[in-house]
Amino acid sequence: MVNQKYVMPTYGRKPVVLVEGSGIQVKDNTGTTYQDWVGGVAVNCLGHGSPVILEAINEQANKIMHVSNLYWNEPQLELAQLLISLSDGCLDEVFFCNSGTESLECALKIVKKHGATTNKPYVLYMKNSFHGRTSGALSITGQSKYQEPFGDLIPGCLNVDFNDTEGLKNRLGQYSGKIAGIFVEPIQGEGGVIVAEHEFLSTIADYCKENDALLVFDEVQCGAGRLGTYYAFQTFGIVPDVVCMAKGLGGGFPIGATLVGSKAKMLGKGDHGSTYGGNPLATAVALAVTKTVSDPAFLQGVQFRQGFLEAGLAMLAAKGLIKSHRGMGLLQGIVVENPNQIVDKAFDNGYLFISAGSDTIRLLPPLNVPLEDISSLMTNLESFLSE
Ligand SMILES: *Cc1c(COP(=O)(O)O)cnc(C)c1O
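A short tour of the structure in this document, coming up.

Calculation notes
Residues numbered from 1 in each chain as written. Predicted model: local features only at pLDDT ≥ 70, side-chain atom pairs only at ≥ 80, totals over all residues. Heavy atoms only, no water. Salt bridge = Lys/Arg side-chain N within 4 Å of Asp/Glu carboxyl O. Helix = DSSP H or I, 4+ residues; strand = E, 2+ residues; numbered from the N terminus. Buried < 20%, exposed > 50% of the residue type's maximum accessible area, 1.4 Å probe, protein only. Contact = heavy atoms within 4.5 Å. Phe/Tyr/Trp six-rings, centres within 6.5 Å; stacked < 30°, edge-to-face > 60°. Lys NZ or Arg CZ within 6 Å of the ring centre and 35° of its normal.

A closer look at the pattern of salt bridges
Under the criterion given, the structure shown has 10 salt bridges. Between Lys-63 and Glu-59 there is a salt bridge, with the nearest N and O atoms lying 4.0 Å from each other. Linking Lys-63 with Glu-59, this pair stays in helix H2 (residues 51–63), spanning four residues, or about one helical turn. Judged by relative accessible area, Glu-59 falls into the exposed class, the value being 51%. Across the pair Asp-271 and Lys-113 runs a salt bridge whose closest N-O atoms are separated by 2.7 Å. Taken together, the residues Asp-271 in the loop between strand E12 (256–260) and helix H10 (280–293) and Lys-113 in helix H4 (residues 100–118) connect sequence positions 158 residues apart. For Asp-271, a relative accessible area of 25% puts it in the partly exposed group. When its relative accessible area of 30% is taken as the criterion, Lys-113 is described as partly exposed.

Take a look at the structure:
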């Protein structure tokens, strides 16, 4: 292996170099294969080496790759129109960027501008959340292990416990009329695959509606078809003012997007920007991926796989091999005593897993994962969990 010391050690990595992939399978540089249930952390929604993605890259790269936002480009306009048309009339405009964190930065600026013009100095976010690691996104990421090393962050960011509706109501009462926006993941992904309760979300949505605050859904992990509807908010039946997307949006090609409804059309010329954001290559890939994933038959397939996967996990729980399982769509969590130990054991058995929170293993397969791969996962989990 080439020397690793020139890369900043900001990640704990498995000692493996991945060189090839096809569907859910990846291969390392010694020829060992793995079943990839991490999917680049919810990114590879069509699996590795998807012909849809390869064709889009080739076709667009042959035409034009990058032009800057001083000019228009066709894939960007087409993708914007498609994403808005998929929102059931809830969203009006989109800003394109290159990652999930950046999509949150844009949302934060929208909320800050709204607050600055309406005298609302506070922003509310959830404990145990994850929104990214730039200074802005970190200010609303409710985990002290990420925030504390970096001292003072953006002022005016308040937090509450996720799914604690009483605590939320107290907070909202205390700061009534002074909150510019509320950030929430409909499912906390990194925090442990914790689904927002309906009462909690509707309390937030009602507050935002009644007090001219902006509701921001971070759908970076749970959106783009992963729950069996294109947008996560469609599964939850709540209409946000701002939606943040990335990860599965490009299926492996870096792209992020911040989408806004009529209440949050705050940004005008010069307010925000990105040199790469919405570049023709990235948007051509995301356009091809989004056309594929948003097809009603494809989304039905996601729902069907959810049922199949959940039935398997319920069986493992009934046999006492796991504590429980939770999640929605193809964002599923297995609750165990010692997730990191299981991730290691799975790796030794040819499976790539990722943990979440303190007691959970996250399963993030491609949205078109073959049923036989779900079955064989269950068989293998049963054998190595009972060791
Ligand atoms: C991954 C993630 C982010 C950050 O996205 P990056 O592409 O890593 O910048 C933000 N929010 C949520 C919910 C995420 O899962």
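On we go from here.
Here's the deal with the side chain of Thr-165
In this fold, Thr-165 is placed in helix H7 (residues 165–174). Not counting residues within four places of it along the chain, the set of residues in contact with Thr-165 comprises Glu-199, Phe-200 and Thr-203.

Quick word on the packing of aromatic side chains
Per the counting criterion, the structure on display carries eight aromatic pairs. Look at Tyr-122 and Tyr-175: their rings are 4.7 Å apart centre to centre, the planes differ by 70°, and that puts the pair in the edge-to-face class. Here Tyr-122 is found in strand E5 (residues 122–126), whereas its partner Tyr-175 is found in the loop between H7 and strand E7 (179–184), with 53 residues between them in sequence. The class of Tyr-122 is partly exposed, set by a relative accessible area of 26%. Centre to centre, the rings of Tyr-351 and Phe-384 are 6.4 Å apart; their planes meet at 50°, and the pair counts as tilted. Within this pair, whereas Tyr-351 is found in strand E15 (residues 351–352), its partner Phe-384 is found in helix H13 (residues 371–385), the two being separated by 33 residues in sequence. Residues Tyr-351 and Phe-384 agree in their burial class; the two are buried. Here the aromatic residues Tyr-230, Tyr-231 and Phe-233 are joined through ring pairs into a cluster of three or more. We note Lys-14 situated over the ring of Phe-347; from NZ or CZ to the ring centre the distance is 5.7 Å.

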